[in-house]
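One-letter residues, chain by chain:
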Amino acid sequence: MQNPLSPSPAALRWLKGLPKHSLKGLKVAVTLFVLWFVFHRLRLEADLFQEMFLQLGWTAVGWTLLALLFMPLNWGLEARKWYTTLKPFYPDWAFGQAYRAVLAGLSMGIFTPNRVGEYGGRLLYLPQGHRWEAAIGMLWDRLAQMWVTLLVGALALEAVHHEFGFAWQETWAIPESTWFWLRLGSWAAVIGLFLGLFLARVWATPLEYLLPKKWVKNKISRALKTLKPHILSRLLSLGLLRYLVFSTQYYFLLLAFGYEGPVGMAYMMIGLLFLLKSWVPYIAFTELGIREGLAVWIFGAFGVTAFTAVAATFVLYLINLVLPALLGLRAIQQLKWR
């Protein structure tokens, strides 16, 4: 009798029948796309590069290198979260493998909408057997990180309203009623997502009736029942620590390019930026343009120059996305049919 948790024999025959050179073609395609993307992005920002080099001093170089040193820690925390969700399904999986899978996912996600290609890159790194469960775990992890972003952003919005609300009403022409709905919507999202994450196991039973294929619904149901609250608590803790790391990188880069304001105000601006960015769908090609525009808009309201906002945002993008995606090409070359 066929195990309901296994794919159908026809699906297995199809997978085994795939030519090996198709994976080789995928590796080549991903490599070319990533290299083209990096070249295209840098070429578009040639003028910004020139201005940055003209204004860089030893202090700016020091802050930039410090932000760069935080990059392995940033993605190491992301790999630890991925490792945490995988452990119930792949007990023999090592942290180093999880780290390589995260980098491979970055390479595959850099040119896809909302970087959904990261799912494929990570899952291809896994042996067959529990990829459906791992995909559910990754979604759970993403939502946990989103909750951290929403929570910190909602707190930043409260701080902005109480400390700068009247000034921003003049700068942005935001009436008090709009502030109310922005704050209400932010906290509703925080509370709703928090409850949804902790009640995820409750969804398992209705999904068993709604999903079409028995082996798919069993795998998803098993994943939801396996991802217990203590795992979620660990993911939220790691997510908060990771948020602090990349926010600190951003702060270092603001200092590198001329920011002289209070530390608290910098973190408040960063929290608000990530909150608003989380509401905007994007494609990786345009992500930097969106973040640049939001940074100029938000930071400018606090008196930060456009150059400081754009340069810090651009270098953070290079450090935290482009450089790891290039490193992930090595992990892509190690992919095999499993």
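Residues numbered from 1 in each chain as written. Predicted model: local features only at pLDDT ≥ 70, side-chain atom pairs only at ≥ 80, totals over all residues. Heavy atoms only, no water.

Novice: Which parts of the structure should I look at to understand the environment of T84?
Specialist: Note on placement: T84 falls in helix α5 (residues 71–86). Setting aside its immediate chain neighbours within four residues, T84 contacts I231, R234, L235 and L238. One polar contact links the side chain of T84 to the main-chain carbonyl oxygen of R80, over a distance of 2.8 Å. (Helix = DSSP H or I, 4+ residues; strand = E, 2+ residues; numbered from the N terminus. Contact = heavy atoms within 4.5 Å. Polar contact = N/O pair within 3.5 Å; in protein donor to acceptor, adjacent residues only side chain to side chain.)

Novice: In this structure, what is going on with helix α12 (residues 229–256)? I would like to understand it.
Specialist: Owing to its 3.6 residues per turn, the α-helix aligns residues three or four sequence positions apart on the same side. The first and last C-alpha atoms of α12 sit 41 Å apart over 28 residues, in line with the 40 Å expected at 1.5 Å per residue. One or two positions beyond α12, positive phi appears at G258, with a value near 110 degrees. (Expected span 1.5 Å × (residues − 1).)

Novice: Got a minute to help me understand the packing of α5 against helix α6 (residues 95–109) in this structure?
Specialist: At a minimum axis separation of 8 Å, α5 and α6 run at an interaxial angle of 110 degrees. The angle between α5 and α6 falls in the class roughly perpendicular. Once α5 is placed against α6, the crossing between them reads as right-handed. Residues P72, W75, G76, E78, A79, R80, W82 and Y83 of α5 lie in contact with α6, whose contacting residues are F95, A98, Y99, A101, V102 and L106. Within the contact of α5 with α6, the residues separate by chemical class into eleven nonpolar, one polar and two charged. (Axes fitted to C-alpha atoms, helices over the stretch in contact; angles between N-to-C directions. Parallel < 35°, antiparallel > 145°, perpendicular 65-115°, else oblique. Left-handed = near helix turned anticlockwise from the far one by under 90°. Nonpolar A, V, L, I, M, F, W, Y, C, P; charged D, E, K, R; others polar.)

Novice: How should the pattern of salt bridges be read in this particular structure?
Specialist: Side-chain pairs of opposite charge can arise where the charged atoms are in close proximity. Throughout the structure, instances matching the rule amount to seven salt bridges. Its salt-bridge partner being E78, residue K81 comes within 3.0 Å of it at the nearest N-O pair. Here the residue K81 and the residue E78 both occupy positions in helix α5, the gap between them amounting to three residues, near one helical turn. Close ionic contact of E118 with R122 constitutes a salt bridge, the shortest N to O distance being 3.8 Å. Linking E118 with R122, this pair stays in helix α7 (residues 117–124), spanning four residues, or about one helical turn. Of the two residues examined, E118 and R122, each falls in the buried class. Among the ionic contacts, a cluster of salt bridges with common partners joins E78, K81, E118, R122, D141, R142 and R242. (Salt bridge = Lys/Arg side-chain N within 4 Å of Asp/Glu carboxyl O. Buried < 20%, exposed > 50% of the residue type's maximum accessible area, 1.4 Å probe, protein only.)

Novice: I would appreciate a short explanation of the packing of aromatic side chains in the present structure.
Specialist: Each aromatic ring pair is described using two quantities: the centre-to-centre distance and the angle formed by the ring planes. Inspection of the entire model under this criterion finds 15 aromatic pairs. With centroids separated by 5.5 Å and ring planes inclined at 90 degrees, the aromatic side chains of F70 and F252 adopt a geometry described as edge-to-face. Of the two residues, F70 is situated in the loop between α4 (58–69) and α5 and F252 in helix α12; the sequence distance between them amounts to 182 residues. Assessed through its relative accessible area of 24%, F70 is described here as partly exposed. Centre to centre, the rings of F246 and F274 are 5.2 Å apart; their planes meet at 75 degrees, and the pair counts as edge-to-face. Of this pair, F246 sits in helix α12 while F274 sits in helix α13 (residues 263–278), and the two are 28 residues apart along the sequence. F274 carries the same exposure label as F246, and that label is buried. In this structure an aromatic cluster arises from ring pairing among W63, F70, Y251, F252 and Y267. Cation over ring: R80 sits above F95, and NZ or CZ is 4.6 Å from the ring centre. The lysine or arginine in question, R242, covers the ring of W75, its NZ or CZ lying 4.6 Å from the ring centre. (Phe/Tyr/Trp six-rings, centres within 6.5 Å; stacked < 30°, edge-to-face > 60°. Lys NZ or Arg CZ within 6 Å of the ring centre and 35° of its normal.)

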